[in-house]
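Fold and geometry: a report
Here are the chains, one letter per residue:
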Amino acid sequence: MRAAHTTADPDAVEAALRQLTPSAERLLRARFGIGAARARGQTPALSLPARRLRQLEATAFRTLRLNAISPQPT
């Protein structure tokens, strides 16, 4: 199976992350190494239980998907 490789516009990524709550933004930045020299996939140090981190991540992805369908005016 081949992995899909896409390159996202850095400005679009920043704009999308700004739509999230500060904790969700920190979580996704840490999780995917956005704007940092950290390796992707490392567990972020947000001092939250793993279950809460998963919930926060799911909510963040849901928000990003909804905003991708109907973008918020800037």
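Only a predicted model underlies this, so the values are computations on that prediction, with no experimental measurement involved. (Residues numbered from 1 in each chain as written. Predicted model: local features only at pLDDT ≥ 70, side-chain atom pairs only at ≥ 80, totals over all residues. Heavy atoms only, no water.)

A few words now on the side chain of Arg 29. Mapped onto the elements, Arg 29 comes out in helix H2 (residues 22-32). Looking at Arg 29, its side chain comes within polar contact range of the side chain of Glu 14, at 2.5 Å. Discounting residues that sit within four places of it in the chain, Arg 29 has contacts with Glu 14, Leu 17 and Ile 34. (Helix = DSSP H or I, 4+ residues; strand = E, 2+ residues; numbered from the N terminus. Polar contact = N/O pair within 3.5 Å; in protein donor to acceptor, adjacent residues only side chain to side chain. Contact = heavy atoms within 4.5 Å.)

At their nearest, the axes of helix H1 (residues 10-18) and H2 sit 9 Å apart, and the two run at 140° to each other. By the angle between their directions, the pair H1 and H2 is classed as oblique. On H2, the residues touching Glu 14, Leu 17 and Arg 18 of H1 are Glu 25, Leu 28 and Arg 29. A per-class count over the contact of H1 with H2 returns two nonpolar, no polar and four charged. (Axes fitted to C-alpha atoms, helices over the stretch in contact; angles between N-to-C directions. Parallel < 35°, antiparallel > 145°, perpendicular 65-115°, else oblique. Nonpolar A, V, L, I, M, F, W, Y, C, P; charged D, E, K, R; others polar.)

The subject of this paragraph is the confidence of the model for the protein. Put simply, the protein has an average pLDDT of 79, and 70% of its residues get 70 or more. No element of the protein has a lower mean pLDDT than H1, which averages 88, and none a higher one than H2, which averages 91. (pLDDT = per-residue confidence, 0-100.)

Bringing the packing of aromatic side chains into the picture now. With the rule as written, the count across this model stands at one aromatic pair. A cation over a ring is seen here: Arg 31 above Phe 32, with NZ or CZ 5.5 Å from the ring centre. (Phe/Tyr/Trp six-rings, centres within 6.5 Å; stacked < 30°, edge-to-face > 60°. Lys NZ or Arg CZ within 6 Å of the ring centre and 35° of its normal.)

Before going further, it helps to examine the nonpolar core. Formed by Leu 17, Leu 20, Ala 24, Leu 27, Leu 28, Leu 46, Leu 53, Leu 56 and Ala 60, the largest nonpolar core amounts to nine residues. Elements with a minimum of two residues in this core: H2 and helix H3 (50-69). Among residues more than four places away in sequence, those in contact with Leu 20 are Glu 25, Leu 28, Ala 60, Thr 63 and Leu 64. (Core = buried A, V, L, I, M, F, W, Y, C linked by side-chain atoms within 4.5 Å. Buried < 20%, exposed > 50% of the residue type's maximum accessible area, 1.4 Å probe, protein only.)

Turning our attention to the pattern of salt bridges. On inspection of all chains with the given rule, the structure shows three salt bridges. Put simply, Arg 29 and Glu 25 hold a salt bridge, and the shortest N to O gap is 3.0 Å. Here Glu 25 and Arg 29 lie together in helix H2, a separation of four residues that amounts to about one turn. In this structure, Glu 57 engages Arg 31 in a salt bridge whose closest nitrogen and oxygen atoms are separated by 3.1 Å. With Glu 57 in helix H3 and Arg 31 in helix H2, this residue pair connects regions lying 26 residues apart in the sequence. Where salt bridges share partners, they join Glu 14, Glu 25 and Arg 29 into one cluster. (Salt bridge = Lys/Arg side-chain N within 4 Å of Asp/Glu carboxyl O.)

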